[in-house]
Amino acid sequence: MINLQRSKKLSKPISLSQQEKINWMKRVLYKAKLVGDRGEVPIAAIILDNKGRCIGYGENRRETMKDPLGHAELVALKQASWIKNDWRFNECTLIVNLEPCPMCAGALIQARIGKIIYGSHDPKRGALGGTINLADHKSAHHKMIIENGLMEEESRKIILDWFKDKRFLAKENLLSKIR
């Protein structure tokens, strides 16, 4: 006897107003700043379900956890999959302050995330248009909605300031050793 399972009807990601997107991005940027203050690259991400509820939160944890997979997007995906009890995210929206890298973009495609909203492009490692666009690659079996540039200046500033402070502190440490 063969049991046929009906596939789930795929629902679309929630339609957020511009103000709702900004409000969520402000939370992401606030969290990213806190992460940066703890010594991690200041990146944070959230995943919203189709009712607009946050079901996943992630922040960079590579240094803290000594984990190469400790990217904000992956941490948020792991939490959201546990809460959803599923690995498919067609109806979900991820909001992150920096364009995802190739590893994260690949994971988001594999997770079938419905929509990605990010703040700043990453001209060095961005994989959703910055250096490459994995979402448009012929191997991408899932098509997602991508919005970029939400609070772009604020997103870029947090990251640039963090790296500038990091370089300044490194220079100060070097100078103190020379003296």
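Residues numbered from 1 in each chain as written. Predicted model: local features only at pLDDT ≥ 70, side-chain atom pairs only at ≥ 80, totals over all residues. Heavy atoms only, no water.

Trainee: Tell me about helix α4 (residues 102–110), residues and numbers included.
Mentor: Within the span of α4, buried status applies to Cys-104, Ala-105, Leu-108 and Ile-109. For α4, the arc enclosing every buried residue in end-on projection is 140 degrees, short of the 170-degree limit, so these residues lie on one face. Among the residues trailing α4, Arg-112 stands out with phi positive, at a value near 60 degrees. (Buried < 20%, exposed > 50% of the residue type's maximum accessible area, 1.4 Å probe, protein only. Helix = DSSP H or I, 4+ residues; strand = E, 2+ residues; numbered from the N terminus. Arc of directions from axis to C-beta.)

Trainee: Which residues make up the packing of aromatic side chains, and what values do they have?
Mentor: Aromatic rings in a pair are described by how distant their centres are and how their planes are angled relative to each other. Counted under the stated rule, the structure contains one aromatic pair. Ring geometry for Trp-162 and Phe-163: centres 4.8 Å apart, planes at 85 degrees, overall edge-to-face. Its relative accessible area of 14% is what places Trp-162 among the buried residues. One cation-aromatic arrangement involves Arg-27 over Trp-24; the distance from NZ or CZ to the ring centre is 4.5 Å. Positioned above the aromatic ring of Phe-89 is the side chain of Lys-84, whose terminal nitrogen or guanidinium carbon lies 5.0 Å from the ring centre. (Phe/Tyr/Trp six-rings, centres within 6.5 Å; stacked < 30°, edge-to-face > 60°. Lys NZ or Arg CZ within 6 Å of the ring centre and 35° of its normal.)

Trainee: Before we move on, can you summarise the nonpolar core with the specific residues and values?
Mentor: If you look at the biggest cluster of nonpolar residues, it comprises 29 residues, and the most contacted ones within it are Ile-47, Leu-77, Phe-89, Leu-94, Ile-113 and Ile-116. Those elements that provide at least two residues to this core are β1 (44–48), α3 (72–84), β3 (93–98), α4 and β4 (115–120). Ranked by the residues each element gives to this core, the list is headed by α3, at five residues. Beyond its immediate sequence surroundings of up to four residues, Ile-47 is in contact with Arg-53, Cys-54, Ile-55, Gly-56, Ala-76, Leu-77, Ala-80, Phe-89, Cys-92, Thr-93, Leu-94 and Ile-113. Met-25, Ala-32, Val-35 and Ile-95 belong to the second-largest nonpolar core, a separate cluster that totals 17 residues. (Core = buried A, V, L, I, M, F, W, Y, C linked by side-chain atoms within 4.5 Å. Contact = heavy atoms within 4.5 Å.)

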